Amino acid sequence: TVRIGVLTSGGDAQGMNAAVRAVVRTALAADAEVYGILEGWQGAVDGGDYIRPLGWDDVSGITALGGTVIGTARCAAFRTAEGRRTAVAHLIEKGIDRLIVIGGDGSLTGTDALRAEWPDHVAALLASGAITPEQAERHHSLVIAGLVGSIDNDMVGTDMTIGTDSALHRIVEAIDAIASTAASHQRSFVVEVMGRHCGYLALMAAIAGGADYVFIPEQPPSADWHAHMASVLRRARNAGRRTSIVVVAEGAADADGNPITAEHVRAVLSDEMGEDARVTILGHVQRGGTPSAYDRWMASMIGHAAVEQVLGDASEAQVVGVRANRPHAQPLVEAVAATRNIATLIAEKRFDEAMAARGHSFVQ
Ligand code: F6P
């Protein structure tokens with residue numbers, strides 16, 4: 001029998017549970033066995049009971065839950081070759097020959113590194129007597145599919161990452177709430193949203209929430225942004241608007257690379273414009289709580305597709321994402337390289353190319 005391992009890794013995201021459930025039930029329906037690797041890659045490094053069989057009922061009723069019921073971690077040990085070798089030994093010991101990793105950009109990049117090193121680890125484990133020649137033969141390579149679970153929508157290879165839609169709902173709800181109190185007092189608010197180096201959440205939330213101004217890493221303003229922001233906000237106030245709402249992505253910076261923080265923007269609003277300004281940093285409320293309907297069905301759909309992928313003729317590791325509402329697979333190596341390239345484009349100040357490279361889901 002084929003034995004599929006499933007794990008969630010890195011920051012949790014709403015909808016990961018729906019993906020885990022779809023993986024488990026699709027695998028069982030295809031007569032494969034499925035093992036949960038608990039607490040992300042840390043569970044593979046620790047082995048033992050952290051790698052255990054999952055049955056149909058183990059994933060009952062989890063679709064509506066936020067987070068990930070099989071646990072996740074940002075695993076330091078997995079960033080070392082030694083840690084990865086230990087993980088390989090444990091996966092082989094449990095007879096896992098296919099793996100589905102649900103995680104963000106960092107986790108999938110690490111997964112790709114593991115895939116590349118896999119044969120070397122197997123050879124070393126065989127040489128040291130940690131595995132038998134039969135195990136080495138059976139596990140000479142690892143079939144992998146990655147599902148991007150992250151609220152940041154920062155990975156190439158999918159229109160949406162699992163969790164982004166729920167996070168957006170949460171942010172827009174918060175902006176709506178802030179807008180009403182802001183309007184009552186004619187105040188200005190700066191709302192900082194997550195997204196790490198990606199401005200997707202900030203931009204989409206600003207549009208959906210009707211904000212006045214937004215700062216995102218992919219389209220940094222020139223160093224004299226104070227004057228431009230002031231003129232845009234004044235124009236709106238002069239036209240009768242009772243609030244100014246500025247959304248700041250946590251990774252925002254100016255074109256010279258100086259970080260633009262929410263506090264920085266607030267100081268400009270109050271010191272240079274004389275506004276009564278407040279800051280709201282949304283933090284982890286964006287990541288927790290109930291997944292949206294979209295995240296539930298999208299994660300279920302691609303969880304199902306990932307199992308088909310690893311059970312099929314998948315010699316190359318794939319990222320299974322969504323394109324135009326259909327499952328879409330792309331080689332993991334390509335997706336990882338293209339995602340890394342965006343950081344390079346931003347560092348080289350090739351901002352338009354960075355924006356375009358985010359993919360067609362990113363409004364320009
Ligand atoms: O990648 C998801 C994310 O929530 C980012 O938006 C944010 O920068 C980061 O994780 C926060 O990490 P932690 O939960 O480890 O504080």
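Conventions adopted
- Residues numbered from 1 in each chain as written.
- Predicted model: local features only at pLDDT ≥ 70, side-chain atom pairs only at ≥ 80, totals over all residues.
- Heavy atoms only, no water.
- Pairing = 2+ DSSP bridges.
- Helix = DSSP H or I, 4+ residues; strand = E, 2+ residues; numbered from the N terminus.
- Axes fitted to C-alpha atoms, helices over the stretch in contact; angles between N-to-C directions.
- Contact = heavy atoms within 4.5 Å.
- Near = heavy atom within 4 Å.
- Polar contact = N/O pair within 3.5 Å; in protein donor to acceptor, adjacent residues only side chain to side chain.
- Areas by Shrake-Rupley, 256 points an atom, 1.4 Å probe, with all protein chains shown as cover.
- Nonpolar A, V, L, I, M, F, W, Y, C, P; charged D, E, K, R; others polar.
- Salt bridge = Lys/Arg side-chain N within 4 Å of Asp/Glu carboxyl O.
- Buried < 20%, exposed > 50% of the residue type's maximum accessible area, 1.4 Å probe, protein only.
- Core = buried A, V, L, I, M, F, W, Y, C linked by side-chain atoms within 4.5 Å.
- Left-handed = near helix turned anticlockwise from the far one by under 90°.
- Phe/Tyr/Trp six-rings, centres within 6.5 Å; stacked < 30°, edge-to-face > 60°.

The protein is annotated in an unreviewed UniProt entry as 6-phosphofructokinase from Propioniciclava sinopodophylli.

Draft legend 1. Spatial organisation of the sheet that holds strand β3 (residues 51–53). Reading across from one edge, β3-β2-β1-β4-β5-β10-β11 is the order of the seven strands in this open sheet, with mixed pairing throughout. Every interior strand has two partners, whereas the edge strands, β3 and β11 (326–331), have only one. Across this sheet, the average inter-strand angle for adjacent strands is 30 degrees, counted without regard to direction. Contacts between helix α11 (residues 332–347) and the sheet are confined to β10 (318–323) and β11, with β11 contributing the most and set at about 85 degrees to the helix.

Draft legend 2. Local environment of the site of the ligand. Taken together, the neighbourhood of the ligand is formed by R74, I151, D152, M194, G195, R196, E250, H284 and R287. D152 is positioned such that a nitrogen or oxygen atom in its side chain is 2.7 Å from an oxygen atom of the ligand. Within the complex, the protein chains bury 74% of what would otherwise be the 400 Å² of accessible surface of the ligand. Per-class residue counts for the shell around the ligand are two nonpolar, two polar and five charged.

Draft legend 3. Region of the structure containing the pattern of salt bridges. For the structure shown, the criterion picks out 15 salt bridges. Put simply, R323 and D159 hold a salt bridge, and the shortest N to O gap is 3.6 Å. Of this pair, R323 sits in strand β10 while D159 sits in the loop between β5 (143–148) and α6 (164–185), placing them 164 residues apart in sequence. Residue class for D159 comes out buried when judged on its relative accessible area of 13%. Taken together, the salt bridges that share partners define one network made up of R187, D276 and R278.

Draft legend 4. A look at the nonpolar core. Core analysis: the biggest nonpolar cluster contains 63 residues, and I100, I102, L147, I162, V193 and I302 have the highest contact counts within it. The greatest single-element share of this core, amounting to nine residues, is contributed by helix α10 (residues 293–311). Residues within four places of I302 in sequence aside, it is in contact with L147, I162, V320, G321, V322 and P327. I37, A44, A335 and V336 belong to the second-largest nonpolar core, a separate cluster that totals 33 residues.

Draft legend 5. A look at helix α7 (residues 200–208). Most of α7 sits out of view: seven of its nine residues are buried. Looking only at α7, the buried set comprises Y200, L201, A202, L203, M204, A205 and A206. Backbone geometry just after α7 places G210 at a positive phi near 65 degrees.

Draft legend 6. Region of the structure containing the packing of helix α1 (residues 16–29) against α10. Running from N to C, α1 and α10 point in directions that differ by 35 degrees, and their axes come no closer than 7 Å. Pair α1 / α10 crosses with right-handed handedness. Residues A18, A19, A22, V23, T26 and A27 of α1 form the contact with α10, whose participating residues are R296, A299, S300, G303, H304 and V307. Looking at the contact of α1 with α10 residue by residue, the classes come out as seven nonpolar, four polar and one charged.

Draft legend 7. Quick peek at the packing of aromatic side chains. Across all of its chains, the model carries four aromatic pairs by this definition. Ring plane angle 75 degrees and centroid distance 5.0 Å describe the contact between F215 and W225, whose orientation is recorded as edge-to-face. Within this pair, whereas F215 is found in strand β7 (residues 213–215), its partner W225 is found in helix α8 (residues 225–238), the two being separated by 10 residues in sequence. Like F215, the residue W225 is buried in the burial classification. Taken together, a centroid distance of 5.2 Å and an interplanar angle of 75 degrees make the contact between Y294 and W297 edge-to-face. Of this pair, Y294 and W297 both sit in helix α10, three residues apart, which is roughly one turn of the helix. A relative accessible area of 40% places W297 in the partly exposed class. Every member of this aromatic cluster is reached through a ring pair, and the members are Y213, F215 and W225.

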